[in-house]
Protein chains: 2
Amino acid sequence: MARIGLKDVAALAGVSVSTVSRVLRGIPVKDGMAVQVRDAAHKLGYQPNGLAQALRAGKSGTLGLLIPDISNPWLAELASALEEACRLSGIGLILCNSGNRPDQEEMCLDLLWKHRVDGVFLVSVRGQAPASLSERARADWPVVAFDRSYAGPGIDVVMADNVGGAQALVNHLVSIGRRNIAQIVSGTGLAAGIDRRVGVDDALRRHGLRTADLYVGDFSYASGLAGAEHFIGRGAPAIDAIVAANDLMAIGALRHCVESGLEVPGDVAIAGFDDMSISSWTSPSLTTVRQDPELLATAALDLLLSRLDDAGLPPRTVTVPCTLKVRGSTHPGASDQP
Amino acid sequence: MARIGLKDVAALAGVSVSTVSRVLRGIPVKDGMAVQVRDAAHKLGYQPNGLAQALRAGKSGTLGLLIPDISNPWLAELASALEEACRLSGIGLILCNSGNRPDQEEMCLDLLWKHRVDGVFLVSVRGQAPASLSERARADWPVVAFDRSYAGPGIDVVMADNVGGAQALVNHLVSIGRRNIAQIVSGTGLAAGIDRRVGVDDALRRHGLRTADLYVGDFSYASGLAGAEHFIGRGAPAIDAIVAANDLMAIGALRHCVESGLEVPGDVAIAGFDDMSISSWTSPSLTTVRQDPELLATAALDLLLSRLDDAGLPPRTVTVPCTLKVRGSTHPGASDQP
DNA sequence: ATGAAAGCGCTAACAA
DNA sequence: TTGTTAGCGCTTTCAT
């Protein structure tokens, strides 16, 4: 059974394909003609072939999003926000997940390219542009990256104010009397991790303090668990606060502390970065720095749409502010704030 | 700057487009020709147009996945598993997220259809097939649904053994002495929720028990929180266990109990269904029934691939077994099992 | 207002 | 072995 095309509809309606095309595209035709054609189309269950349309038009009308790990709740929230922003603009969004594998990231870019998405939102695995991206750039493929280290010709960047957020967080910890602050940083090359560390170090310095202890994680729950174990594993902890470079690690650290019988925040305060919905589900709930997915998403979409309009635009970088969310893991009374 | 096509490569290499096409497709040509052509292609930065290829071939070589909520960690894990399974088979997978809105679900199906994915994995918002699906089915669009209520012509179904899993869970609770078991069920029309309730009710009956109390949720964390509040809100709880239809609700219930100062599992045991990675991050970690994403994913892919091979296959339903995961929320000693 | 025809970029059947 | 050509299904001049 062959697919139904414009031709079939035209035959049934007794007109030419161009007339059918016009009717379907809303271009004026003789009265009565429209209904007749639409009728035939409906009778045949006609569905336009988007491939042919896109091939003809030279664009697909959909955007792509590539994320490294769909199981990371914050990335899932960012994806949701982008999806929603695109929906409001009447644009389709398709998602690809690279599972944290650089090679798979290339494959996903190829897949999106193959489907000729008009532009790509890129959250990358590493702090280094995928090799194939420079080829694409040559072909004017608009890309918005969520990592400043990608900034380059034809690539716009949206990022949270990681440095400022981290500073605000440290100021908070100091204000509640913490002086021995340990850090769980990220060993991945991602700019977000680097900037957060810079922010923390900087703020500590301003308070005349230094990082009490350091653990290098990888943004995962497991590494947060390991980090806390490293800090408090042997005897009474010499630290009174742990700052993790993201919430996943903070939640891991929190769990280790709680399971070890420590009081949080009494013995040790714990804070993360991102603010995912699950971050307020812990007991105590997690103090964190929120990087708002909606804000990032709308900024990213604006960037992409404007570049779609004018490919000659210079590379731009937009920085979105963060918000400190004080909750139970640093402030006993604030246990249930959203 | 025009896009580079086969024609341009052909011109540069001084051959015809078909020769270029052959070289790129690995079809034997005269020695030396291949390198020369490949060279030209590389020099021009040629990238094949997947749209044209797919249009020509009548298929895109990629599959689609439509999920209702990317922020649901279990769905994210299912998506990962499908992605991985497809990757191993050398097939591309693109994802769409309907954000739990039925209208958006239709739009996503349209989007996937527009991109002419060769088949679709569908996790639906409701226990009712999207209207547009029946149109597609007419056009031989292979669909694998993760909900038995979608079973129909041209639609295969993969599901976990929800009834069996729920029964095993109740047997466990009874074996540890619980007799007053409350249920947080799901009010959505999804078959999974219905089946789990059937399994629980059935197992209770076999033990000569009945549901001690019931709350109707919606598979969300918030509704789990509300459910537990409903059960234990007023005075001492008359129940000694809570079974939720999924982990998200169980985690909500767990948090409410812990925050209320109850001992878990001492005062009340809590169990869920699904087994997401975050389910073992709670304190105590959550007893649950695992429906394995890998198992479901490989079964679903098998179904889809076989139907791609032979569209005439009758509708099939595959049921995958579940595994009881006993952890700290029902069994104090089991706190850290994976 | 409508139809014929060119062509988007590619592959495959057919010729040479 | 290689080139020519006819479409895949659609939109869009260009004639009519």
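Residues numbered from 1 in each chain as written. Chains lettered and ligands numbered in written order. Predicted model: local features only at pLDDT ≥ 70, side-chain atom pairs only at ≥ 80, totals over all residues. Heavy atoms only, no water.

**Topic: the domain arrangement of chain A**
At step 1: For chain A, the assigned domains are domain 1 (1–48) and domain 2 (167–291).
At step 2: Taking the mean C-alpha position of each, domain 1 of chain A and domain 2 of chain A sit 63 Å from one another. (Domains from an automatic or database assignment.)

**Focus: the protein's contact with DNA strand C**
At step 1: Residues in close proximity to DNA strand C total 23 residues, the closest being T19(A), R22(A), L6(B), Y46(B) and R56(B).
At step 2: Counted by atom, the contact set of DNA strand C within 4 Å of the protein is 63% sugar and phosphate.
At step 3: Note that a base nitrogen of DNA strand C is positioned 3.2 Å from one of the side-chain N or O atoms of R56(A).
At step 4: Between DNA strand C and R22(B), the relevant distance is 3.3 Å, taken from a base nitrogen to a side-chain nitrogen or oxygen of the residue.
At step 5: The set of elements that each furnish at least two residues to the surface near DNA strand C consists of α2 (17–25) and α4 (50–57) of chain A together with α1 (6–13), α2 (17–25) and α4 (50–57) of chain B.
At step 6: Among the elements that make up the surface near DNA strand C, the one with the highest residue count is α2(B) (four residues). (Near = heavy atom within 4 Å. Polar contact = N/O pair within 3.5 Å; in protein donor to acceptor, adjacent residues only side chain to side chain. Helix = DSSP H or I, 4+ residues; strand = E, 2+ residues; numbered from the N terminus.)

**Observations regarding the interface of chain A and chain B**
At step 1: Contact with chain A, which involves 58 residues of that partner, is made by 58 residues of chain B.
At step 2: Broken down residue by residue, the surface that chain A buries against chain B is led by L51(A), R255(A) and W281(A), which jointly contribute 14%.
At step 3: Close ionic contact of E84(B) with R101(A) constitutes a salt bridge, the shortest N to O distance being 3.1 Å.
At step 4: There are 16 residue pairs in polar contact (both at pLDDT 80 or more) connecting chain A and chain B. (Contact = heavy atoms within 4.5 Å. Buried area = accessible area lost by both parts, 1.4 Å probe. Salt bridge = Lys/Arg side-chain N within 4 Å of Asp/Glu carboxyl O.)

**Thoughts on the packing of α2(B) against helix α3 (residues 33–44) of chain B**
All names here are of chain B.
At step 1: As a packed pair, α2 and α3 sit with axes 9 Å apart at the nearest point and diverge in direction by 95 degrees. When the interaxial angle is binned, α2 and α3 end up roughly perpendicular. On α3, the residues that touch T19, V20, V23 and L24 of α2 are M33, A34, V37 and R38.
At step 2: Of the residues belonging to the contact of α2 with α3, the class tally is six nonpolar, one polar and one charged. (Axes fitted to C-alpha atoms, helices over the stretch in contact; angles between N-to-C directions. Parallel < 35°, antiparallel > 145°, perpendicular 65-115°, else oblique. Nonpolar A, V, L, I, M, F, W, Y, C, P; charged D, E, K, R; others polar.)

**Focus on the pairing of strand β6 (residues 181–186) of chain A**
Residues and elements named next belong to chain A.
At step 1: Of all six residues that make up β6, six are buried, and the element is covered over most of its length.
At step 2: Here β6 shows no split at all, with I181, Q183 and V185 on one side and A182, I184 and S186 on the other all buried.
At step 3: Note on the crossover from β6 through helix α9 (residues 191–206) to strand β7 (residues 213–217): the handedness is right-handed. (Buried < 20%, exposed > 50% of the residue type's maximum accessible area, 1.4 Å probe, protein only. Right-handed = clockwise from strand over helix to strand, strands pointing away.)

**So, helix α1 (residues 6–13) of chain A**
Residue and element names in this part refer to chain A.
At step 1: For α1, the complete set of buried residues consists of V9, A10 and A13. Angular distribution of buried residues about the axis of α1 spans 100 degrees; they occupy a single face of the element. The exposed set on the far side of α1, more than 90 degrees from its buried face, consists of K7 and A11.
At step 2: After α1 finishes, the residue G14 shows a positive phi value of roughly 70 degrees. (Arc of directions from axis to C-beta.)

**Notes on the packing of helix α10 (residues 221–232) of chain B against helix α11 (residues 247–259) of chain B**
Residue and element names in this part refer to chain B.
At step 1: Where α10 meets α11, the closest approach of the two axes is 6 Å, and the angle between their N-to-C directions is 45 degrees. Classified by the angle their axes make, α10 and α11 are oblique. Of the two possible hands of crossing, α10 and α11 adopt the one that is right-handed. Along the contact surface, α10 presents Y221, S223, G224, L225, A228, E229 and I232, while α11 presents L248, M249, I251, G252, A253, R255, H256 and C257. (Left-handed = near helix turned anticlockwise from the far one by under 90°.)

**A look at the protein's contact with DNA strand D**
At step 1: Neighbouring DNA strand D are 23 residues, the closest being L6(A), Y46(A), R56(A), S18(B) and T19(B).
At step 2: If you look at DNA strand D and keep only atoms within 4 Å of the protein, 59% of those are sugar or phosphate atoms.
At step 3: Within the side chain of S18(B), a nitrogen or oxygen atom sits 3.3 Å from a base nitrogen of DNA strand D.
At step 4: Residue assignment for the surface near DNA strand D shows that the elements contributing at least two residues are α1, α2 and α4 of chain A together with α2 and α4 of chain B.
At step 5: Of the residues forming the surface near DNA strand D, the biggest block, four residues, is contributed by α2(A).

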